[in-house]
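A look at the structure
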There are 2 protein chains.
Amino acid sequence: MLSEAVQDYLKSIYKLSHASQAGEMVTTSLIAERMQVSAASATNMIKKLAELRLLDHTPYQGVELTPTGVKMALEIVRHHRLLELYLRQSLGYDWDQVDAEADRLEHAISEDFEDRIDRALGFPTVGAHGEPIPSKEGDIAVHNYRRLADMAEGERCWIRQVSDRDPALLRYLDEHGLILGTEVEIRERAPFRGPLRIAIGVDREHHLGLEAAEQIYVEIAAA
Amino acid sequence: MLSEAVQDYLKSIYKLSHASQAGEMVTTSLIAERMQVSAASATNMIKKLAELRLLDHTPYQGVELTPTGVKMALEIVRHHRLLELYLRQSLGYDWDQVDAEADRLEHAISEDFEDRIDRALGFPTVGAHGEPIPSKEGDIAVHNYRRLADMAEGERCWIRQVSDRDPALLRYLDEHGLILGTEVEIRERAPFRGPLRIAIGVDREHHLGLEAAEQIYVEIAAA
DNA sequence: GAGCGAATTTAGCCATGACTAAATCCAATG
DNA sequence: CATTGGATTTAGTCATGGCTAAATTCGCTC
Ligand SMILES: [Mn+2]
Ligand SMILES: [Mn+2]
Ligand SMILES: [Mn+2]
Ligand SMILES: [Mn+2]
């Protein structure tokens, strides 16, 4: 069994590798920042993970998960996303509260527990914030969503996924009706990285900062 | 926050102190055996817990939880028993499977999670094996049950609580209908610590070993 | 009251995963 | 191509919670 710390590093590295460009290596400092530890601590753990053959480490360059490492990471991601959804659906959590709880539970549940909540949820493929849920076999769907922040004036789209990193942002989005499935139209893009004026659903309008819009992933509505 | 190890020691010491005679101290070797560690490791932890004012340690004699220690122990016990019940009621676990899962989850859930499953279960006062569930304030009911093993021939009783220590025993009891609420009559006590011949419910009879009967707690039916 | 044996504690060690401070590397700049 | 500053690694330390082996204590028996 992998320790809780190892599991959390793998999960973070997996996510970082998918946030960066394909082929790019994940750097020590990125890992350290994400894990909230010093760079020296990150280096320590990287050496251990390399020893365990969970990643390849090119000193001074960065790391890349091995197939085994990816598999282990996806196992944790699956636990996390199933748990988030379960907390939301079965225990009435708000979507900004589920991440913290799942971050701890993901290491504590058994495979049996995983299977039971999977069944209770009807074998979902998408999580509480729209992220794909890896299958038990380690496959994960690739969604080609675009960032709301990158949409052009006049375009319409549906919100399909939202970053779960910041609870405050999630509450803010919730208050303004910016939830999964909501239709959004870009009315106006202010210059100098200014806010987007958007139509939310049928009759709401909002000026949304670019910072927030970068955390929202959308599917473009057929023109 | 107390570490997982500290929490588990407190829980074990609490249970051991209630299994022994009132006023008796809990010994190092008992703790070591229950925690599956060496006696030296137990001594180490005892010194740390004494330092934390969670118990009083009389060297070479034993330990006794302080009021704070009891409070902390009951907090974990509450988590454990609520979780066991929730796993059983909401996720369909068998009663021999819940203990292991709860042993890990009990350290990972938040107070919010605790409150939510408490509500979902209708604020139960009795756990999956009949144990009293401590209140959020740290009160716990005292049940004056007797061991089935100590009943006399001819006496009738209801099964009210069962030890959750041994999953195999729980499966065995389940197979023979020896579950919570079942009425049992002692037909015959074999000599030399031999088995009890008992009537289970209306029309079942069984020869139950004393070892098993010692793990079953009953309420005597009015004669 | 001496001695014995079991329980307990002490001493010393190890793995894990943090940290700070110092050394080292490397890419960019002049 | 030498310099330099930021990123990375190394070195050394600490806390936690295990372990074994050795020393110590205590209750019991002779
Ligand atoms: Mn985590
Ligand atoms: Mn799993
Ligand atoms: Mn536990
Ligand atoms: Mn609690």
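Coordinates for the structure precede this section.
In this text, all values refer to a predicted model and were calculated from it rather than measured experimentally. (Residues numbered from 1 in each chain as written. Chains lettered and ligands numbered in written order. Predicted model: local features only at pLDDT ≥ 70, side-chain atom pairs only at ≥ 80, totals over all residues. Heavy atoms only, no water.)

Attention now goes to the coordination of the manganese ion (ligand 3). For a metal bound by four donors in a tetrahedral arrangement, the ideal donor-metal-donor angle is 109.5 degrees, while six donors in an octahedral arrangement ideally sit at 90 or 180 degrees. Donor atoms from the polypeptide that coordinate the manganese ion (ligand 3) comprise Asp8 of chain B (OD), Asp103 of chain B (O), Glu106 of chain B (OE) and His107 of chain B (NE2), at 2.1 to 2.4 Å from the metal. The class for His107 of chain B is buried, based on a relative accessible area of 14%. (Donors = N, O, S within 2.8 Å, 3.2 Å for Na, K, Ca; no water. Buried < 20%, exposed > 50% of the residue type's maximum accessible area, 1.4 Å probe, protein only.)

Its rotation angle being 180 degrees, the transformation that places chain A on chain B also includes 0.0 Å of axial translation and leaves an RMSD of 0.0 Å. Here the transformation between the copies is reduced to the relation of a two-fold axis. A shared binding surface is used by both copies, with 100% of the interface residues of chain A retained as interface residues in chain B. (Least-squares fit on C-alpha atoms with pLDDT ≥ 70 in both. Contact = heavy atoms within 4.5 Å.)

Structurally, the position occupied by Asp174 of chain A is in helix H7 (residues 167-175). Each C-alpha atom of the pair Asp174 of chain A and Leu55 of chain A lies 38 Å from the other, and the pair is 119 residues apart in sequence. (Helix = DSSP H or I, 4+ residues; strand = E, 2+ residues; numbered from the N terminus.)

Residue and element names in this part refer to chain B. Its place among the elements puts Asp96 in the loop between helix H4 (67-91) and helix H5 (98-105). Reaching out from Asp96, the side chain makes a polar contact with the side chain of Arg171 at a distance of 2.7 Å. Not counting chain neighbours up to four residues away, the residues in contact with Asp96 comprise Pro167, Leu170 and Arg171. (Polar contact = N/O pair within 3.5 Å; in protein donor to acceptor, adjacent residues only side chain to side chain.)

What follows deals with H4 of chain B. Here H4 of chain B contains 25 residues, and its C-alpha end-to-end distance of 35 Å stays within 8% of the 36 Å for a straight helix at 1.5 Å per residue. A positive phi of about 75 degrees marks Gly92 of chain B, the residue just after H4 of chain B. (Expected span 1.5 Å × (residues − 1).)

This next bit is on the protein's contact with DNA strand C. Taken together, 22 residues surround DNA strand C, and among them Ser3, Ser41 and Lys48 of chain A together with Ser29 and His57 of chain B come closest. Of everything in DNA strand C that lies within 4 Å of the protein, sugar and phosphate atoms constitute 78%. Contact between DNA strand C and Ser3 of chain A: a phosphate oxygen at 2.4 Å from a side-chain N or O atom of the residue. One nitrogen or oxygen atom from the main chain of Ser38 of chain A is found 2.8 Å from a phosphate oxygen belonging to DNA strand C. (Near = heavy atom within 4 Å.)

All names here are of chain B. Strand order in the open sheet made by the six strands is E3-E8-E4-E5-E6-E7, with antiparallel pairing throughout. Of all the strands in the sheet, the pair left with one neighbour each is strand E3 (146-147) and strand E7 (204-208). Across the face of the sheet, helix H7 (residues 167-175) comes into contact with strand E4 (156-162), E7 and strand E8 (216-220) while running at roughly 150 degrees to E7. (Pairing = 2+ DSSP bridges. Axes fitted to C-alpha atoms, helices over the stretch in contact; angles between N-to-C directions.)

What follows concerns the nonpolar core. Soluble globular proteins tend to pack their nonpolar side chains together in the buried interior. By size, the foremost hydrophobic cluster in this structure holds 34 residues, and its most contacted members are Leu105 and Phe113 of chain A together with Leu105 and Phe113 of chain B. Among the elements of the structure, helix H4 (67-91), helix H5 (98-105) and helix H6 (111-120) of chain A together with H4, H5 and helix H6 (111-120) of chain B are those that each provide at least two residues to this core. When residues no more than four places from it in sequence are discounted, the contact partners of Leu105 of chain A are Leu83 and Leu87 of chain A together with Leu105, Ala108, Ile109 and Phe113 of chain B. (Core = buried A, V, L, I, M, F, W, Y, C linked by side-chain atoms within 4.5 Å.)

Any functional reading would require information that these geometric values do not contain.
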